[in-house]
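Report on the structure
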2 protein chains.
Amino acid sequence: MRFLLPLFLVGGLCSGQGAGECKPNSLNIPGAKHPCVYPDGRAEFRLTAPDAQKVQLRVGKNFDMVKGGDGVWSVTTTPLVVGFHYYTFAVDGANVADPASRTFFGSGWDNSGIEIPEPPEVDYYAHKNVPHGQVSQRWYYSTVTAKWRRCYVYTPPDYDAAKKRYPVLYLMHGWGENEQGWHTQGRADLILDNLIAEKKAVPMIIVMDNLNAAKPGEDATIFSARWMWPQPPPPPAGTPAGARPAAPRGLAGFTGATFTEMMLTDLAPMIEKTYRVLPGREHRAMAGLSMGGMQTFLTTLSNLDKFAYIGGFSGSSGGRGGAFDPKTSNNGVFADSAAFNKKVKVLFLGIGSVEGPGAKNFSEALTKAGIRNTYFESPGTAHEWLTWRRCLNDFAPRLFR
Amino acid sequence: MRFLLPLFLVGGLCSGQGAGECKPNSLNIPGAKHPCVYPDGRAEFRLTAPDAQKVQLRVGKNFDMVKGGDGVWSVTTTPLVVGFHYYTFAVDGANVADPASRTFFGSGWDNSGIEIPEPPEVDYYAHKNVPHGQVSQRWYYSTVTAKWRRCYVYTPPDYDAAKKRYPVLYLMHGWGENEQGWHTQGRADLILDNLIAEKKAVPMIIVMDNLNAAKPGEDATIFSARWMWPQPPPPPAGTPAGARPAAPRGLAGFTGATFTEMMLTDLAPMIEKTYRVLPGREHRAMAGLSMGGMQTFLTTLSNLDKFAYIGGFSGSSGGRGGAFDPKTSNNGVFADSAAFNKKVKVLFLGIGSVEGPGAKNFSEALTKAGIRNTYFESPGTAHEWLTWRRCLNDFAPRLFR
């Protein structure tokens, strides 16, 4: 035994150098051990690509992968921030999802996803043994866009049994995402289930629709995966107009007018006809992340007779059209602060601390102009879903009080 | 005009050589023009992979792609069969999804999908201007597997308004798929919406759960993407047992016992508690495709006190355990044909005509043994989702009459 004991100790030290077990990413397909996540947030990725010349991992920043003798490329990252991250591989110049991860619609296509876990005590978006609501897929026809559309509707746990009416939150995704984002990447249903169980939030209906709304003939390319269709070079002189497709527009061309019209003409009436909804502006909220926050401000600030609660998560009207001027911005809706404060019960501005001071500056400018608002900062997170989960977790309890 | 007319004709003939317009696959991401489908069923695929040495398309069979000067690889296939097909690219040996298509969970991972349209008059799974039911995501805790599980529940268009009780169809996916298959690849909700609108089917609830059910400690690798983890070579002599993972099992190890136990202990009671369900075996059906058909036969034939309607779509108990013997197969459930026929209102065996004679032979053997059954053959389709859409469209009207 005298000889064996030191050997055991050496073994223990060696495995200790690995900084703990690399646990499979919770978003992996069944059976996939990689990507996996170390306790310190480093993640190890693998891809079988025996004949590739170069493989790169793209998860916020780029990591070159190294080929093993078995044709499997691998890399271990530096520690990643907690929360959900989209990621992809570049295989000899092809941008593709990792076949070992479930995919998540972002940037206009189905990316891979990795979840860097928060500490175990952070469980506001975990599956807990509490009553669960449901998320329902609902098809409806839009007269404005002349197309069938799909939304998802969260109904709270007591919806079927209680037979009462509920307030409604319209909750929007960001650029390049869709109506599935909030209940997959965002875990909105679990966040509300947990808040409602703890009586921190009023039971509410949440409507998750798609920002994409173009009338027949309108250009919808703003919403597509622009990296796939790089800006073409200018056509040679003499090329007939229309002979090549227009380059996708930037966000600068975004007005949100068609979505607002569609929402008020088709979506909200369908919801209020289909679900047991409390009527009136004091039972109606709208919030969104990034471009969905922009949409929220565009829709609600032009329709304060219809909305009393407004949330912008990493997206608002702050930066639009140059400097903010309380007298003229958004058609002067902020000019009479007393009237605005009386109407708008909650004006919420959330942001990740890594995203920069835009939202904070806007909040301070609003405060200076006498506009009551709530500023929320998610510590240590960027323009990503963990910021928006935290925003929803802070915003929802403020609604419909 | 005399000179112009022939020129027009020539133009017409030139474009005629291309056999019509290549229309974007309906399952593409927003804005993606490829893959596209010609009227004759040929499809053109593209992938940007400027540094790749070899790119192959895999859609049933393999097609080598050709690199253009712009780094875009492309190929036009031979005509593909109508309906939904999974497909992937092999990029220098890496099996990946096409970033230009939405992904669909099959073979244990998120593949790409292409839809070769049926003629326009075939619209039983199209969005039509009829009342639509909804598909709801429902979380529940399984005491049998000791895990949270997710199912999707279709409720018919009049569910909220009518306040009545409904019969239930439990509808299972195939190997490597999941609880999302039937309402994405399968379009089960649209098929039922259309059947109900035409009064061809009784309004019913459809429960779409996940075949994967393993108790703590049970091996669940049968359900994983086996191609990703090829059979390892035998370990060197002297390797301790358990030092390397066991190779995934084949379907031969599938008994379905844990799913049956989970379904009867956790799923069905949750459904009957949560939804307005008609009680009793004459209001309960189960069907499934491929492995889900095997599961259906395993579950229902051992529990005829609970099910009166049984459907196997490209999957049944026919081939299990050697030749079918009406006296002994499935613990002798077919031995007393009169008793069986009295109990089982519909025994449905569907198959694609390209799949071979297995289901037909089984149907004939059952008939010969005096067992009443319905044989349905989908013309020209293989072991694919169009076969199963057609099966459901034929099977659902037979239920709960």
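Here the structure is shown first, and the text comes after it.
The following refers to the structure shown. (Residues numbered from 1 in each chain as written. Chains lettered and ligands numbered in written order. Predicted model: local features only at pLDDT ≥ 70, side-chain atom pairs only at ≥ 80, totals over all residues. Heavy atoms only, no water.)

Residues and elements named next belong to chain A. For Thr296, the location among the structural elements is in helix H5 (residues 291-301). Residue classification places Thr296 among the buried positions, given a relative accessible area of 0%. For Thr296 and Phe313, which are 17 residues apart along the polypeptide, the C-alpha to C-alpha distance reads 9.9 Å. Among residues more than four places away in sequence, those in contact with Thr296 are Met172, Met286, Ala287, Gly288, Leu301, Ile310 and Gly311. (Helix = DSSP H or I, 4+ residues; strand = E, 2+ residues; numbered from the N terminus. Buried < 20%, exposed > 50% of the residue type's maximum accessible area, 1.4 Å probe, protein only. Contact = heavy atoms within 4.5 Å.)

The next point concerns the pattern of salt bridges. Going through the model one piece at a time under the given rule, you end up with 36 salt bridges over all chains. We note a salt bridge from Arg149 of chain B to Asp209 of chain B, for which the minimum N-O separation is 2.5 Å. Of this pair, Arg149 of chain B sits in strand S13 (residues 147-155) while Asp209 of chain B is found in the loop between strand S15 (205-208) and helix H4 (257-274), placing the two residues 60 residues apart along the sequence. The pair formed by Arg149 of chain B and Asp209 of chain B is uniform in burial state, with each residue classed as buried. A salt bridge links Arg398 of chain B to Asp394 of chain B, with the nearest nitrogen and oxygen atoms 2.8 Å apart. Of the residues examined, Asp394 of chain B reaches a relative accessible area of 22% and is grouped as partly exposed. Via salt bridges that share partners, Asp123, Lys128, Glu198 and Lys200 of chain A belong to a single interconnected network. (Salt bridge = Lys/Arg side-chain N within 4 Å of Asp/Glu carboxyl O.)

With that out of the way, let us pick up the sheet that holds strand S1 (residues 23-24) of chain B. Residue and element names in this part refer to chain B. With antiparallel pairing, 5 strands are arranged side by side in an open sheet as S1-S2-S3-S7-S6. Among the strands making up the open sheet, the edge pair consists of S1 and strand S6 (66-67). Note that S1 and strand S2 (residues 36-37) share 2 bridges and pair antiparallel. From the neighbouring strand, Lys23 faces S2, where its bridge partner is Val37. (Pairing = 2+ DSSP bridges.)

What follows concerns the interface of chain A and chain B. On the chain B side, the residues contacting the 54 residues of chain A number 55 residues. The contact between chain A and chain B buries some 4,200 Å² in all, and 54% of this surface belongs to carbon and sulfur atoms. At the boundary of chain A with chain B, the tally comes to 2 salt bridges. The shortest N-O distance in the salt bridge between Arg102 of chain A and Asp110 of chain B comes to 2.9 Å. (Buried area = accessible area lost by both parts, 1.4 Å probe.)

Once that is clear, we can look at the packing of helix H3 (residues 188-197) of chain B against helix H9 (residues 385-395) of chain B. Residue and element names in this part refer to chain B. Interhelical geometry of H3 versus H9 gives an angle of 30 degrees and a closest axis separation of 10 Å. In terms of orientation, H3 and H9 fall into the roughly parallel class. Both H3 and H9 take part in a crossing whose hand is right-handed. Residues Ala188, Ile191, Leu192 and Leu195 of H3 touch H9, and the partners they reach there are Arg389, Leu392 and Asn393. Of the residues in the contact of H3 with H9, the class split is 5 nonpolar, 1 polar and 1 charged. (Axes fitted to C-alpha atoms, helices over the stretch in contact; angles between N-to-C directions. Parallel < 35°, antiparallel > 145°, perpendicular 65-115°, else oblique. Left-handed = near helix turned anticlockwise from the far one by under 90°. Nonpolar A, V, L, I, M, F, W, Y, C, P; charged D, E, K, R; others polar.)

Our focus in this paragraph is helix H5 (residues 291-301) of chain B. Burial analysis of H5 of chain B places 11 of its 11 residues in the buried class, which makes it a mostly covered element. Listed in full, the buried residues belonging to H5 of chain B are Met291, Gly292, Gly293, Met294, Gln295, Thr296, Phe297, Leu298, Thr299, Thr300 and Leu301 of chain B.

Position of Asp189 of chain A among the secondary structure elements: in helix H3 (residues 188-197). There is a polar contact of 3.1 Å between the side chain of Asp189 of chain A and the side chain of Gln137 of chain B. A polar atom in the side chain of Asp189 of chain A sits 3.4 Å from the side chain of Trp139 of chain B. The residues contacting Asp189 of chain A, other than those within four sequence positions of it, are Val135, Tyr154 and His183 of chain A together with Gln137 and Trp139 of chain B. (Polar contact = N/O pair within 3.5 Å; in protein donor to acceptor, adjacent residues only side chain to side chain.)

What follows covers the pairing of strand S3 (residues 43-48) of chain B. All names here are of chain B. Alignment of S2 against S3, held across 2 bridges, turns out to be antiparallel. Looking at the pairing, Val37 lines up with Ala43 of S3. Hairpin connection from S2 to S3: 5 residues lie between these consecutive antiparallel strands, with Gly41 at a positive phi of about 95 degrees. As judged from the 5 bridges shared by S3 and strand S7 (residues 72-76), these two strands associate in the antiparallel manner. Residue pairing across strands places Glu44 opposite Thr76, the latter belonging to S7.

Further remarks concern the relation of the copies chain A and chain B. Of the two same-sequence chains, chain A is brought onto chain B (RMSD 0.0 Å, axial shift 0.0 Å) by a rotation of 180 degrees. The superposition of one copy onto the other is thereby described by a two-fold rotation axis. Closest approach to the rotation axis within chain A is made by the C-alpha atom of Ser136 of chain A, at a distance of 1.9 Å. Residue by residue, 100% of the interface of chain A is reproduced at the interface of chain B, so both copies engage with the same surface. (Least-squares fit on C-alpha atoms with pLDDT ≥ 70 in both.)

A few words now on the side chain of Ser290 of chain A. Residues and elements named next belong to chain A. Residue position: Ser290 is located in the loop between strand S16 (284-289) and H5. A distance of 2.8 Å separates polar atoms of two side chains, one belonging to Ser290 and the other to His383. For Ser290, the contacting residues outside a window of four places in its chain are Gly174, Phe313, Ser314, Gly315 and His383.

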